[in-house]
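Letter by letter, the chains look like this.
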Amino acid sequence: MRLSRRGFLKAGGLAMVSYGLDPLFLARAVYAQPGPAQAAGSRSGRVLVCLFQRGAVDGLSMLVPHGDPWYYKERPNIAIAETQAIDLDGRFGLHPALAPLKPLWDARVLAPIHAIGSPDPTRSHFDAQDYMESGTPGVKSTADGWLNRYCQHQREHDETPFRAVSFGPELPRILAGSAPSLAIGDLRTFGVRAPNDQARDQLTRAFEALYDTAPTGLLASSAQEGFEAANMLRKIEPDRYSPEHGATYPNGRFGQSLLQIAQLIKAGVGLEIAFADVTGWDTHVNQGAEQGQLAARLGEFAQALAAFAQDLGDRMNDVVLVTCSEFGRTIAQNGSAGTDHGRATAMLVMGGPVRGGRVLGRWPGLAPAARFEGRDLAVTTDFRDLFAEILGRHLGSDALESVFPGHAIDPAKFVGALRA
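Since the model is a prediction, treat every value here as computed from it, not as a measurement. Here, residues in each chain are numbered from 1, in the same order as that chain's written sequence. Local features in a predicted model are, by the rule used here, given only for residues with pLDDT of at least 70; side-chain atom pairs are given and counted only at 80 or more, and totals for whole chains, interfaces and linings are based on all residues. With hydrogens and water stripped out, all remaining heavy atoms of the structure feed into the side-chain values.

K.L.:
Sorry, what's going on with the nonpolar core here?
P.N.:
Across soluble globular proteins, nonpolar side chains show a tendency to be buried alongside one another. In plain words, nonpolar cores are sets of buried Ala, Val, Leu, Ile, Met, Phe, Trp, Tyr and Cys residues tied together by side-chain atoms within 4.5 Å. To sort residues, take the accessible area from a 1.4 Å probe on protein chains only and compare it with the maximum for the residue type: under 20% means buried, over 50% means exposed, and anything in between is partly exposed. In terms of nonpolar packing, the biggest core is built from 72 residues, with Val49, Leu258, Leu305 and Phe308 touching the most fellow members. Where helices and strands are cited, they refer to DSSP runs of H or I of at least four residues and of E of at least two residues respectively, numbered from the N terminus. No other element matches helix α11 (residues 293-312), which puts 11 residues into this core. When residues no more than four places from it in sequence are discounted, the contact partners of Phe308 are Val49, Tyr249, Leu258, Ile261, Ala262, Ile265, Met316, Val319, Leu321 and Met350. Among the nonpolar cores identified, the runner-up in size contains 41 residues, and Cys151, Cys324, Val349 and Ile390 belong to it. In what follows, residue pairs with any heavy atoms lying within 4.5 Å of each other are defined as contacts.

Shown next, in the form of C-alpha cells:
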C-alpha cells in the first residue's frame, strides 16, 4: 500500500513532534509548501543566546536600586536590604541570590540594563510577550518573530539545520516565520521515535522517499533539514556530554536547556541563534526579599548562567547572551506582600563582546513625579534598541530596519552594551 504524505505524518510525525521537531517543519511537510530561498549574510562563528523570563520579572529586586530612598519607602516588607544587596556601583546592586554572576561583573563581561521595556503600555502578559517576540509593540498582526526575520535577511548559516534552535516543546513566537528553525525538547531524545535502529532507519527512508522527487525544493528546506539534524546529533552523542571546567548546571528544564546550548556550541554544528525560556516570575503574592519564591527563582537562574559561562570558557568570546521579560513590576508592594504588573524592568547582557562592569540605561528614578502613571518605573530604553545593537554589532546584521519594522534604528539610542 502506498503511504501518503498525510498518512505518514499521522503515523510517524506525532512522534517527531513529541521529540521536538519544528512544528513549522511538519506543517510544511504536510502541505508541501516550498522553503525560503538561499541568500548570504552574518559573521561566522558568533552565537546569540536569548533567554525569556516569562511572567514579568521584578527588575527592582533583580537589580536593586539601593541608592534610591523611594525603593525602601514603597517596599517596607519586600525590599532587598542595602546591606544584603551585592553592590555594583554605589547606586545599584544585585539580588543576593544572583551572587554567582558577580565574578562575571568583575571580569567586565556582564552588563545589566535598567529601566528597559516596551513602548506599548499594556500590562497583559499575553500581549506584552507577543510584542516582545514579534518586535513590533502595539501591532498584533505581525506574522513572524524578530529573530526569524533576522534569519530571513542574513542567510549565511542556512547550510546547517541547527542555525536557529529553541529549547522547549513548541517553537516560540520569536522564531516563527519562513526561515528554518528547530524546536527541541531534549537533545538526547531528538529525532524519529522507533523501537530499534532497524525500524528507525526504515522510517527515515520512507519519509525521505516521500519528498525525494518533490518539485518544490521541500526536501532541502524542511524534511532533509530535520533528518540531517537527527543524524548530526547521533554523531555528537548528546547523552554522553560532560560540562567542562567544573561547571555544574542546576537540575530542571532551564539548566538543562543551557547545558545543551553549550553542547551545540562546542559541537560546531553551526548554531547561531539559541532561545530558551523560564517561567515563574509572576510574583503577586508572597514575593519575598532576600529569601522566598523570587529569591529561589533568581538563584536557579544565576546558577545556570554562571555554569554556562564556566562551561564554555574561552568560547564565550564569540557568544552574547541576553535576558528579557515582557514588563516589570510595580514600584510599591501590594497588600499580599507581592508586586503587580508594571512597566520597565531590568535585563542582562553577558559574553566576551560585552562592555561589562557597568549598569547601563538611563535611570529615571522612583520619585512619584518620575513614575509612569504614578505607579511604575518608566521605560527609558526601548527593548528594540538593545536587540538591534546586539544583532548589528555582534552578528553583523545589515537589515535592522526589516527586523524591526516601524522602528527608527539610531545607533545613538543604543545603550553601549557591546564593543563597536
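K.L.:
Sorry, what's going on with unusual backbone geometry here?
P.N.:
Negative phi is the rule for most residues except glycine; trans is the rule for most peptide bonds. At His245, a position not held by glycine, the phi torsion is positive, near 60°. As for its position among the elements, His245 is in the loop between α9 (218-236) and α10 (253-267). Given the relative accessible area of 49%, His245 is considered partly exposed. For Ala337, which is not glycine, the phi torsion reads 60° and is therefore positive. Within the secondary structure layout, Ala337 lies in the loop between β9 (319-324) and β10 (345-351).

K.L.:
Help me out: how do you make sense of the pattern of salt bridges in this one?
P.N.:
Where charged atoms from two side chains of opposite charge approach closely, those side chains can pair. For salt bridges, the criterion is a side-chain nitrogen of Lys or Arg within 4 Å of an Asp or Glu carboxyl oxygen. Across all of its chains, the model carries 21 salt bridges by this definition. Across the salt bridge formed by Arg54 and Glu133, the nearest N and O atoms sit 3.0 Å from each other. With Arg54 in the loop between β1 (47-53) and α3 (59-62) and Glu133 in helix α6 (residues 125-134), this residue pair connects regions lying 79 residues apart in the sequence. For Glu133, a relative accessible area of 4% corresponds to the buried category. The partner of Arg188 in a salt bridge is Asp186, and the shortest N-O contact between them spans 2.7 Å. Among the charged side chains, a salt-bridge network with shared partners connects Arg54, Glu133, Arg253 and Asp277.

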